[in-house]
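# Descriptive structure summary
What follows is each chain in one-letter form.
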Amino acid sequence: MRLIFAIFSLAHGLFLLVATFTWRLIPIAFLQSESATGIAFVISALMFIPFVSTYTTLGLNSPEGEEQTPETKARHAALKQACPIWSLAWYSGLGFVLFVWIGCTYLQIPAHPFFAFSGMISCLTGIWFLFVYPVAVKLFQE
């Protein structure tokens, strides 16, 4: 089930990443509708919930507004060493969204920044469950 969810999440995310630049060219009326942004975000957010849940369960986050504990930092370092694709995916996703937002704002690139953000969330969820979660479970679950 985890693999099916990961593949669906990746497919959804990749579609949105492509749609970020081609949403005006793809002959799907839904992409040009006013509700496309909200629906794409809601779908991505719903798929993101299991990621947040498992990420929290494995002790990889800190309470909001607090510094990371040494144990959390150690877990992040161990995960980064055991599964370097996670760091690459995380920073690449953030860089892509930042590029699109800056490009739309200052360079007038005809891209859809909300599709970029929703696509990044979905892709990160898919990568997490396809590659990273199995490694994290072996490392941190007792």
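Please read these numbers as outputs of a predicted model, since none were measured by experiment. (Residues numbered from 1 in each chain as written. Predicted model: local features only at pLDDT ≥ 70, side-chain atom pairs only at ≥ 80, totals over all residues. Heavy atoms only, no water.)

### As for the side chain of Thr-72
Applicable threshold: Under the DSSP-based scheme used, a helix requires at least four consecutive residues in state H or I and a strand at least two consecutive residues in state E, with every element numbered from the N terminus. N or O atoms within 3.5 Å of each other form a polar contact, as long as, within protein, one can give a hydrogen and the other can take it, and as long as residues adjacent in sequence are counted only when both atoms are side-chain atoms. In what follows, residue pairs with any heavy atoms lying within 4.5 Å of each other are defined as contacts.
As for its placement among the helices and strands, Thr-72 is situated in helix H4 (residues 70-82). A distance of 2.9 Å separates a polar atom in the side chain of Thr-72 from a polar atom in the side chain of Thr-69. Contact partners of Thr-72, with chain neighbours within four places excluded, come to Gly-59, Leu-60, Asn-61 and Ser-62.

### Looking at the packing of aromatic side chains
What characterises a pair of aromatic rings is the spacing of the ring centres plus the angle enclosed by the ring planes. Our working definition: Pairing of aromatic rings covers Phe, Tyr and the six-membered ring of Trp, with a centre-to-centre limit of 6.5 Å; geometry is then stacked below 30 degrees between planes, edge-to-face above 60, and tilted otherwise. When accessible area is computed with a 1.4 Å probe and restricted to protein chains, residues below 20% of their type maximum are described as buried, those above 50% as exposed, and intermediate ones as partly exposed.
Counting across every chain of the model gives 13 aromatic pairs. Each ring, one from Phe-48 and one from Phe-51, has its centre 4.9 Å from the other, and the planes form 35°; the classification is tilted. In this pair, Phe-48 and Phe-51 are both assigned in helix H3 (residues 36-57), three residues apart and thus about one turn of the helix distant. For Phe-51, a relative accessible area of 5% translates into the label buried.

### Some thoughts on the pattern of salt bridges
Side-chain pairs of opposite charge can arise whenever the charged atoms involved come near each other. Test applied: The term salt bridge refers to a pairing of a side-chain nitrogen on Lys or Arg with a carboxyl oxygen on Asp or Glu at a separation within 4 Å.
One pass over the structure, following the stated rule, counts one salt bridge. Of the charged contacts in the structure, one is a salt bridge between Arg-75 and Glu-71, with a shortest N-O distance of 3.3 Å. With Arg-75 and Glu-71 both in helix H4, this residue pair falls four residues apart, about one helical turn. On the accessibility criterion, Arg-75 (15% relative accessible area) is buried.

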